[in-house]
Amino acid sequence: IRSPLWRHGGVVFGPHPRDFSYNIPKKVKLLALKSSLCVKLKENNLLVLDAFGIEKPKTKEAARVFSNLKISPLKNLLLLLDKIDDDLKLALRNIGYLDVNLAKDTHACEVLAHQKLIITKGALNGLTDRLKQ
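Keep in mind that what you see is a predicted model, and the values were worked out from it rather than measured.

Participant: Can you tell me about the overall build of the protein chain, naming the residues and giving the values?
Facilitator: Scanning the protein chain from terminus to terminus reveals five helices and four strands. Listed N to C, the secondary structure of the protein chain is α-β-α-β-α-β-α-β-α in terms of helices and strands. The C-alpha atoms of the protein chain give 23 Å as radius of gyration, which overshoots the globular expectation for 133 residues (14 Å, by more than 25%). Buried residues in the protein chain amount to 29% of all 133 residues. Excluding contacts between residues fewer than 6 apart, the proportion of contacts in the protein chain whose partners are at least 24 apart in sequence is 66%. For the protein chain, the exposed surface amounts to about 10,000 Å²; the carbon and sulfur share of it is 56%.

Given below as structure tokens:
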């Protein structure tokens, strides 16, 4: 009764679950990050700041910093920092056009997905140390 020839019998060539995924080598990931940063630099969409800090954890103060930098709020921004404290996280979390990340955790897709990249000097030093490996 289990023969595929019989009614309610088995399936002749049933599904075989397969995993076609593979891991990308670390060298390729680092090369992609280097090239994405070079693209942002060539397009003049890379901005380096000495430091990024605000006095009070207010979104209005953080938005004022970006307006003083003459950055249009219509652009999709990525802010890379070397460390994020709680006050800064509170101030930046409600800005819709801004994404904040640590420089040591960033990757090529994230850099290419944003129109403009803002990075602090400390984060840039950490990122270059990571890319030299």
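On we go.
Participant: Summarise a positive patch on the surface; cite the residues concerned and give the values.
Facilitator: On the surface, Lys56, Lys58, Lys60 and Arg64 cluster together to form a positively charged patch. The residue Arg64 is located in helix 2 (residues 59-68) in this model. Given the relative accessible area of 44%, Arg64 is considered partly exposed.

Participant: I'd like to hear about the packing of aromatic side chains, residue by residue, with values.
Facilitator: Here the structure, examined in full by the defined rule, presents two aromatic pairs. Taken together, a centroid distance of 6.4 Å and an interplanar angle of 75 degrees make the contact between Phe66 and Tyr97 edge-to-face. Here Tyr97 lies in the loop between helix 3 (86-92) and strand 3 (98-102) and Phe66 lies in helix 2, a separation of 31 residues in the sequence. Both residues of the pair, Phe66 and Tyr97, count as buried. In this structure an aromatic cluster arises from ring pairing among Phe52, Phe66 and Tyr97.

Participant: Let's hear about the pairing of strand 2 (residues 77-81): which residues, and what values?
Facilitator: Among the five residues of strand 2, five are classified as buried, and the element is accordingly described as predominantly covered. Covered by surrounding structure in strand 2 are Leu77, Leu79 and Leu81 together with Leu78 and Leu80, the residues of both alternating faces. Bridge count between strand 2 and strand 3: five bridges; the pairing is parallel. Residue Leu77 lies in a different strand from strand 3, and its bridge partner there is Leu98.

Participant: Help me get a handle on the nonpolar core, residues and values and all.
Facilitator: Among the nonpolar cores identified, the biggest contains 15 residues, and Phe52, Phe66, Leu79 and Leu92 are the most heavily contacted of them. Going through the elements one at a time, helix 2, strand 2 and helix 3 are the ones with two or more residues in this core. For Leu92, the contacting residues outside a window of four places in its chain are Phe52, Ala62, Phe66, Leu79, Leu98 and Val100.

Participant: I'd love a proper account of the state of the cysteines, names of residues and values included.
Facilitator: A full pass over the atoms with the stated rule returns zero disulfides. Cys109 supplies the cysteine sulfur nearest to Cys38, a cysteine that is in no disulfide, at a spacing of 16 Å. Overall, Cys38 belongs to the partly exposed group, its relative accessible area being 42%.

Participant: Go over helix 5 (residues 121-132) with me, naming the residues and quoting the values.
Facilitator: For helix 5, with twelve residues, the first-to-last C-alpha span of 16 Å sits near the 16 Å given by 1.5 Å per residue. Residues of helix 5 that are buried include every one of Ala123, Leu127 and Leu131, and no others. For helix 5, the angular spread of buried residues about the axis comes to 70 degrees, placing them on one side. Looking at the packing, one finds that the buried side of helix 5 touches helix 1 (26-42), strand 2 and strand 4 (116-120).

Rules of the game
- Residues numbered from 1 in each chain as written.
- Predicted model: local features only at pLDDT ≥ 70, side-chain atom pairs only at ≥ 80, totals over all residues.
- Heavy atoms only, no water.
- Helix = DSSP H or I, 4+ residues; strand = E, 2+ residues; numbered from the N terminus.
- Rg over C-alpha atoms; globule rule 2.2 N^0.38 Å.
- Buried < 20%, exposed > 50% of the residue type's maximum accessible area, 1.4 Å probe, protein only.
- Contact = heavy atoms within 4.5 Å.
- Areas by Shrake-Rupley, 256 points an atom, 1.4 Å probe, with all protein chains shown as cover.
- Patch = residues over 30% accessible without salt bridge, like charges linked within 9 Å, V, L, I, M, F, W, Y side chains within 5 Å.
- Salt bridge = Lys/Arg side-chain N within 4 Å of Asp/Glu carboxyl O.
- Lys, Arg positive; Asp, Glu negative; His and termini not counted.
- Charge placed at Lys NZ, Arg CZ, Asp CG, Glu CD.
- Phe/Tyr/Trp six-rings, centres within 6.5 Å; stacked < 30°, edge-to-face > 60°.
- Pairing = 2+ DSSP bridges.
- Core = buried A, V, L, I, M, F, W, Y, C linked by side-chain atoms within 4.5 Å.
- Disulfide = S-S within 2.5 Å.
- Expected span 1.5 Å × (residues − 1).
- Arc of directions from axis to C-beta.

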